[in-house]
Amino acid sequence: MSRPKGPEGPAAWEAVEGAIRSRASIRAFLPDPVERATVERLLETAARAPSANNHQPWHVYAFAGETKAKVSEAILVARDSGEEGHEAEYVYAMKQWREPYKARRREVGWALYDLMGVVKGDYEGSRAAADRNYVFFDAPVGMILTI
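Everything numeric here is computed off the predicted structure, so don't read it as measured data.

1. Topic: the pattern of salt bridges
Move 1: Overall, the coordinates contain 8 salt bridges when judged by the stated rule.
Move 2: The closest approach of N and O atoms between Arg127 and Asp80, which form a salt bridge, is 2.3 Å. Separated by 47 residues along the polypeptide, Arg127 in helix α5 (residues 123–134) and Asp80 in helix α3 (residues 65–81) bring together distant segments of the chain.
Move 3: Via salt bridges that share partners, Arg79, Asp80, Arg127 and Asp131 belong to a single interconnected network.

In structure tokens form, the structure reads like this:
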């Protein structure tokens, strides 16, 4: 693959390529606090992501500490309440998966569950694993992005 020779040069390409190749999905975080300035810098950088006609339709809600705990609790209560109005507004993922995606999805899912000690048929374990999403995997800062 040839590398672009833009105004930033090969070093910029190497940095971007390194960031993409080192990407990981993290589901466990240290409890160390993150400085507000660090969060703001990350969000300012992320705001540079492209959007149609540069209208940048997103809004970010970021929170930590007691506020994050209250948000997590409210999400779990709403999910468990059974009240109307807590359904997904859109289809997040396909209902019917076809190959090769079905096999890939299962392989990754069972590998993740295996790491968490959840075995097939362990519905409580599956529920606890899903609940990790709603506590932001114990990250010190939680973020919700809306459009």
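2. Considerations on the confidence of the model for the protein chain
A low pLDDT score tells you not to read the predicted coordinates there in detail.
Move 1: Counting all residues, the mean pLDDT for the protein chain is 88, and 93% of those residues have values of 70 or more.
Move 2: Averaged over each element, pLDDT in the protein chain is lowest for helix α1 (residues 9–21) (88) and highest for strand β1 (residues 59–64) (95).

3. Observations regarding a positive patch on the surface
Move 1: Together, Lys102, Arg105, Arg106 and Lys120 make up a region of like positive charge exposed at the surface.
Move 2: Since its relative accessible area comes to 51%, Arg106 is described here as exposed.

4. A few points about the environment of Arg41
Move 1: Note that Arg41 resides in helix α2 (residues 36–46).
Move 2: Residue class for Arg41 comes out exposed when judged on its relative accessible area of 63%.
Move 3: Taking the C-alpha atoms as reference points, Arg41 and Val16, 25 residues apart in sequence, are found 18 Å from one another.

5. Concerning the side chain of Lys68
Move 1: Summarising the element assignment, Lys68 is placed in helix α3.
Move 2: Buried charge without a partner: Lys68 forms no salt bridge, and the closest opposite charge is Asp138, 5.4 Å away.
Move 3: Those residues in contact with Lys68 that sit more than four places away from it in its chain are Phe63, Val135, Phe136, Asp138, Ala139, Pro140, Val141 and Gly142.

Conventions adopted
- Residues numbered from 1 in each chain as written.
- Predicted model: local features only at pLDDT ≥ 70, side-chain atom pairs only at ≥ 80, totals over all residues.
- Heavy atoms only, no water.
- Salt bridge = Lys/Arg side-chain N within 4 Å of Asp/Glu carboxyl O.
- Helix = DSSP H or I, 4+ residues; strand = E, 2+ residues; numbered from the N terminus.
- pLDDT = per-residue confidence, 0-100.
- Patch = residues over 30% accessible without salt bridge, like charges linked within 9 Å, V, L, I, M, F, W, Y side chains within 5 Å.
- Areas by Shrake-Rupley, 256 points an atom, 1.4 Å probe, with all protein chains shown as cover.
- Lys, Arg positive; Asp, Glu negative; His and termini not counted.
- Charge placed at Lys NZ, Arg CZ, Asp CG, Glu CD.
- Buried < 20%, exposed > 50% of the residue type's maximum accessible area, 1.4 Å probe, protein only.
- Contact = heavy atoms within 4.5 Å.

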